[in-house]
Amino acid sequence: MSELSVIEIPKWGLSMEEGTIVEWLIDEGTEFAKGDLLCEIETSKITNQLEAPFDGLLRRIIAKPGDTLPVNAPIAISAPTSVSDADVDRFATALAGTTHTASPAPSRPESAATATSGVVQSAPAPTRTAMPASPPGATTVVPDLLRGKTAGDVFATRHALRLADELSIDLARVTPTGRGGRVSVADVEQAILDAGGAVAAKPRAARSGIPGKSTRDDSGVAATPVARRLAGILGINLHDCRATGSRGRVCEADVRDAARRFNPEPAAATSTPSAAVIDNARPVETIPLSVMRKAIASRLQESKRNAPHFRLTVDLTIDDLLRLRNEINATVAGVKLSVNDFIVKAAAMALVKVPDVNIQYDEQGQSVLRYASADVSVAVALPAGLITPIVRGADGKSLAEISAEVAALVTKAKAGTLQPDDFQGGTFTVSNLGMFGVREFDAIINPPQGAILAVGAATERPTIVDGALTSTTVMTVTLSCDHRVIDGATGAKFLQQMRAYVESPALMLV
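Residues numbered from 1 in each chain as written. Predicted model: local features only at pLDDT ≥ 70, side-chain atom pairs only at ≥ 80, totals over all residues. Heavy atoms only, no water.

Draft legend 1. Quick look at helix H5 (residues 252–262). Buried within H5 are the following residues: Asp254, Val255, Asp257, Ala258, Ala259 and Phe262. Tucked inside the fold, the buried residues of H5 contact helix H4 (225–234) and helix H7 (291–306). (Buried < 20%, exposed > 50% of the residue type's maximum accessible area, 1.4 Å probe, protein only. Helix = DSSP H or I, 4+ residues; strand = E, 2+ residues; numbered from the N terminus. Contact = heavy atoms within 4.5 Å.)

Written out as structure tokens, the structure is:
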């Protein structure tokens, strides 16, 4: 049989763990060429289009729009017309056992196919003889031939490893037929039968009558206290929840997702899925969290919980800055500087002067990463949430270069075409709500950064200068710092240096 190719969820950036299929751009049975767009995939940061890295024919779509799958999970199969539909279906069935695992696959042996650009070339799926049905009431009987302890280097799925541990089976004695040469649960069961043993019949669905609901003991499942308490209230088994919380734990959002899956709304309500009626009086719209919003919720909750925030606030007089900005915009063709461009430049230069703020905190390694140049993240509000594209090396760029780069990044962010390198990393963040008339606010640190600057609106305020009352334009900025790695005096020095640049803006031109 000719070779089949598996199209997988790609890994766009180090922090990407899963992706949601938004839309398929081609149909089954369509030929595609290298570079053609296959589908749109939404991650926690961006929605991007997957390009085909080779020529092929789309034979089977495995992941439907709305499906959320981990990185490297198969989403479609490509094969020439010489491969029959039955062979494609058998291959798709063999892949199904590995589609729902959320953990990255172990390193594949050199003999196995390797993934590149989201696609793995795979050998044809082997034909497996259907396992005979076990008699009612039968229990699993493991022949002595298979008994033993599995070594740590055996290439197997998580479920197969767990089953082998429960049954004391040495997986080295099991023939692997799974994707990439992994041992699957089906391989273990087949090996038991081939050796003359018996496999217990699969348990029925939960007593609640809801298909697929687990009845296993979930006391050993890693979960947050809030999630475990909520699961008890809603009657959700933690085995049925996807673990998307910190440190691989089931979080509250995971439990609520499972509750929606196993406790659908009544048919009357599903006729209008965007709204539910509370107490037959007030209509309430239910809006599921997007992948981006879930990621924002998880990261900022973790930051607020783990990072001891302290805040420093100063007022900046920006009359000279406004005069310089107006002069540049009026005299330099093609340049339209904003006040925020000056703030980004001033922050970048101050970060170089006070490098103990220009850092990232490696919580896992208990170390501080201090950078020589300032990569300033600029917060951009999108309908789906907040994203922070980065002006890299902002301290070494002119105001015009920063202005052009920020404008380009904002355009790409709103169009959903940012690449991972555009928003991953950064040593400091500037969040500006002044355009909304917000005078002063606090911002939550964007981990692993150590600080974030909240910029308010510039307003005219009465000021005493040389004993006389005058009007000056003042902007309030608030620096939020992670007290684990930045002290109050260090944050104050940064604001002092930034004030020097903002109130004497000519320093930013030399």
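Draft legend 2. How the structure looks around the side chain of Ser480. For Ser480, the position within the fold is in strand S22 (residues 468–482). Looking at Ser480, its side chain comes within polar contact range of the main-chain oxygen of Ala443, at 2.8 Å. Leaving out residues up to four positions away in the same chain, Ser480 has contacts with His309, Phe310, Arg311, Ala443, Ile445, Gly450, Ala451 and Ile452. (Polar contact = N/O pair within 3.5 Å; in protein donor to acceptor, adjacent residues only side chain to side chain.)

Draft legend 3. Molecular detail of the sheet that holds strand S21 (residues 451–465). Spatially, the six strands line up as an open sheet ordered S13-S22-S21-S20-S16-S19, and their pairing is mixed. This sheet does not close on itself; its edge strands, each paired only once, are strand S13 (309–317) and strand S19 (390–391). Taken strand by strand, helix H9 (residues 339–353) contacts strand S16 (376–378), strand S20 (428–432), S21 and S22, and its axis lies near 155 degrees from that of S20. In the packing of helix H12 (residues 488–503) onto the sheet, contacts are made with S13, S20, S21 and S22, and the angle to S13 comes to roughly 20 degrees. (Pairing = 2+ DSSP bridges. Axes fitted to C-alpha atoms, helices over the stretch in contact; angles between N-to-C directions.)

Draft legend 4. Seen up close, the pairing of strand S14 (residues 359–362). Bridge analysis of S14 against strand S15 (residues 367–370) gives four bridges, and the strand direction is antiparallel. In the sheet register, Gln360 faces S15, and the bridge partner there is Leu369. Hairpin connection from S14 to S15: four residues lie between these consecutive antiparallel strands, with Gln366 at a positive phi of about 50 degrees.

Draft legend 5. Expanded view of the packing of aromatic side chains. Counting across every chain of the model gives two aromatic pairs. Residues Phe32 and Phe54 carry aromatic rings whose centres are separated by 5.7 Å and whose planes lie at 65 degrees to one another, so their mutual orientation is edge-to-face. Highlighted residues: Phe32 in strand S3 (residues 31–32) and Phe54 in the loop between strand S5 (47–51) and strand S6 (56–61), separated in sequence by 22 residues. As far as burial versus exposure is concerned, Phe32 and Phe54 are alike and both buried. Here the aromatic rings of Phe428 and Phe494 are separated by 5.2 Å at their centres, their planes lie at 50 degrees, and the arrangement is tilted. (Phe/Tyr/Trp six-rings, centres within 6.5 Å; stacked < 30°, edge-to-face > 60°.)

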